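Chain by chain, the residues run as shown.
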Amino acid sequence: MQLVNNIASLASLRHTVLTMQKKIQSALISVFYKDGLAPLAQELQAQGITIYSTGGTQQFLEDAGIACVPVESLTTYPSILGGRVKTLHPVVFGGILGKRDDAQHVAEMVQYSIPEIDLVIVDLYPFEETLKNTTEEKLIIEKIDIGGPSMIRAAAKNHRDVTVIAAKDDYAVLQNILHEQAGTTTLEQRKAFAAKAFEVVMNYDIAISNYFNPSSTTFQTSSTKQVLRYGENPHQTATFYGDLKEVFTQLNGKELSYNNLVDVDAAIQLVKEFPNSPLGAGGDFVFGIIKHTNVCGIALRDTVKNSWDAALAGDPESAFGGVLVSNGTIDKATAEAINEIFFEVLVAPAFDEAALTVLKSKKNRILLQLNSAWQISSNQSKSLLNGTLTQGTDAGNYAEWKEVGGRATTAEERANLEFANVVCKHLKSNAIALIKNKQLVGKGCGQTSRIDSLRQSIDKAKQFNFELKGAVLASDAFFPFNDCVQMAHAEGIEAFIQPGGSIRDKDSIEYAVTNNLAMVITGLRHFKH
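Residues numbered from 1 in each chain as written. Predicted model: local features only at pLDDT ≥ 70, side-chain atom pairs only at ≥ 80, totals over all residues. Heavy atoms only, no water.

What about the nonpolar core?
Stage number 1. One finds Leu256, Val264 and Ile298 to be the most contacted residues of the largest nonpolar core, which totals 45 residues.
Stage number 2. If one sorts the elements of this core by residue count, helix α12 (residues 258-271) sits on top with 7 residues.
Stage number 3. Every residue in contact with Ile298, bar those within four places of it in the chain, is listed here: Leu270, Phe274, Val286, Phe287, Gly288, Ala311, Phe419, Val423, Lys438, Gln439 and Leu440.
Stage number 4. Ranked by size, the runner-up nonpolar core spans 30 residues in total, among them Val122, Ile144, Ala166 and Ala207. (Core = buried A, V, L, I, M, F, W, Y, C linked by side-chain atoms within 4.5 Å. Buried < 20%, exposed > 50% of the residue type's maximum accessible area, 1.4 Å probe, protein only. Helix = DSSP H or I, 4+ residues; strand = E, 2+ residues; numbered from the N terminus. Contact = heavy atoms within 4.5 Å.)

Right under this line is the structure:
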């Protein structure tokens, strides 16, 4: 029974600590965004709370009829250095950081005439917004806040005694709390506000770090985040951190799902390989079909419509429910052809109005207009084990073009091999791509052996009645044996591209030489897991 009583007493004590209410007697307000501030300040005034303020915030509050005490009256210093130094003073930070239950702190605050500051309402200069609007370094640097983050961190650290509001979204929340709780906050509430404040400062610092280290933006801020319907599966939660508006404009359709975003990323990675007039003559427009991040159809043709027709023909079965992408403007003829199948997302740099009329006939169909100026990050990151794994993106397609077969490639073979190498790079390993006339006619991906990927690619080609004589083959990694070259040759394939690097490269090379086949070594592997 004694044990039960002790447990009950501890639970009661914990509840008392969590709900420990503190009456707010004074507040410091210094904000950039004034939206929604007046009602909160009016509530503070109604509760008899002393308000300290600075500069533009003080002027805003006084214009709204709210009495303020200038911070300068505490520090005895005016705002100096063009506003760079306003609140960085022991009286301000002592008032925020002083522990009310520490006798020495209290004595020192009395000795140095430091008033207690119970509430800090501070936001930060709009650094990220400034980056979007200018590239002028002087303007950007001036939007790096110093005093704001310092006050927010100080108040959040001392949340046992101080309430901190670091985002305008919480103005109304605090107003309601103070109104309902007679000007008091609980420890639990203060701790929740402190947690959010530290997140605000963290995101701010990440944005600044990314500006100064553009080639190593490993971390993304959560200042722009989107809670998704669910994750990879319905029982998983998911959130996207980042500003999708920088990448594309959504013209139609439902909210993008986790799986949509993963495939859209794969689609954009692919289409960025074909910016203008890709791979020389013979076609300027590419159309790709993505399924579970793999390319299941792609072709290069002289019109967007022709490239769509050829891409779909490569595997019309897998295209169902896929993500489509093109580097050309979607016209009405293409839209009408695409409209005949079910797909999740279409990504393109532009859409004709007539095409949009056709494609918007289905309200859930997602249409994304790609911002062609947006560039893919030079780094990738992945959460695993107890950390984050980062690497540079797989940039480039080949380090060398080394002809090692029994004959040189023809001009047509070279064009197809270059195209095949790019396509293969965007298939999961082990990967094989069979290309004919700049059209994917067979692919094998995600297999545990390279020979199985080849079998899969040949079976796919035969499923849709493609003649493989004259086709070329790309492999994302070296051939460990000559069995793949032999099997493909038996199907009529006479030109190969692969990175090389196997201790048994000579087996495949010797077979190519003996049988007068073309083979190119690129020196650049394209594993994708």
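Structural notes on the sheet that holds strand β18 (residues 402-403)
Stage number 1. Pairing within the open sheet is mixed, and its 6 strands lie in the order β18-β23-β22-β21-β19-β20. The open sheet has two free edges, formed respectively by β18 and β20 (440-444), since each of these has just one partner strand.
Stage number 2. The sheet contact formed by strand β19 (residues 432-435) and β20 spans 4 bridges and is antiparallel. Within β20, the residue paired with Ala433 across the bridge is Lys443. (Pairing = 2+ DSSP bridges.)

Description of the sheet that holds strand β14 (residues 345-348)
Stage number 1. With mixed pairing, the 6 strands of this open sheet are ordered in space as β10-β15-β14-β13-β11-β12. Each edge of the open sheet is held by one strand with a lone partner, namely β10 (248-252) and β12 (294-301). Shown here is a sheet whose adjacent strand axes are inclined to one another by a mean of 20 degrees, direction ignored.
Stage number 2. As paired elements, strand β13 (residues 323-326) and β14 share 3 bridges and run parallel to each other. Paired with Leu324 across the two strands is Leu346, which belongs to β14.
Stage number 3. Its contacts with the sheet place α12 against β10, β11 (285-291), β12, β13, β14 and β15 (366-370), and it is angled at close to 150 degrees to β11.
Stage number 4. With respect to the sheet, helix α13 (residues 304-314) is in contact with β11, β12 and β13, its orientation differing from that of β11 by roughly 35 degrees. (Axes fitted to C-alpha atoms, helices over the stretch in contact; angles between N-to-C directions.)

As for the pattern of salt bridges
Stage number 1. Tallied over the full model, the rule gives 20 salt bridges.
Stage number 2. For Lys168, the salt bridge goes to Asp35, with nearest N and O atoms at 3.8 Å. Taken together, the positions of Lys168 in the loop between β6 (163-165) and α10 (171-180) and Asp35 in the loop between β2 (26-30) and α2 (37-46) put the pair 133 residues apart, joining distant regions of the chain. (Salt bridge = Lys/Arg side-chain N within 4 Å of Asp/Glu carboxyl O.)

Focus on helix α18 (residues 483-490)
Stage number 1. Along α18, the residues classified as buried are Cys484, Val485 and Ala488. Down the axis of α18, the sector holding all buried residues measures 95 degrees, keeping them to one side.
Stage number 2. Where α18 is buried, its residues touch α17 (450-463), β21 (472-475), β22 (495-498), α19 (505-514) and β23 (518-521).
Stage number 3. Within two residues after α18, Gly492 carries a phi angle of roughly 105 degrees, on the positive side. (Arc of directions from axis to C-beta.)

Points about the pairing of strand β17 (residues 387-392)
Stage number 1. Sheet topology note: the strand β16 (residues 379-384)/β17 ladder contains 6 bridges and is antiparallel. Paired with Asn379 across the strands is Gly392, a residue of β17.
Stage number 2. Following β16, the chain reverses through 2 residues before pairing antiparallel with β17; Leu385 in that reversal takes a positive phi of roughly 45 degrees.

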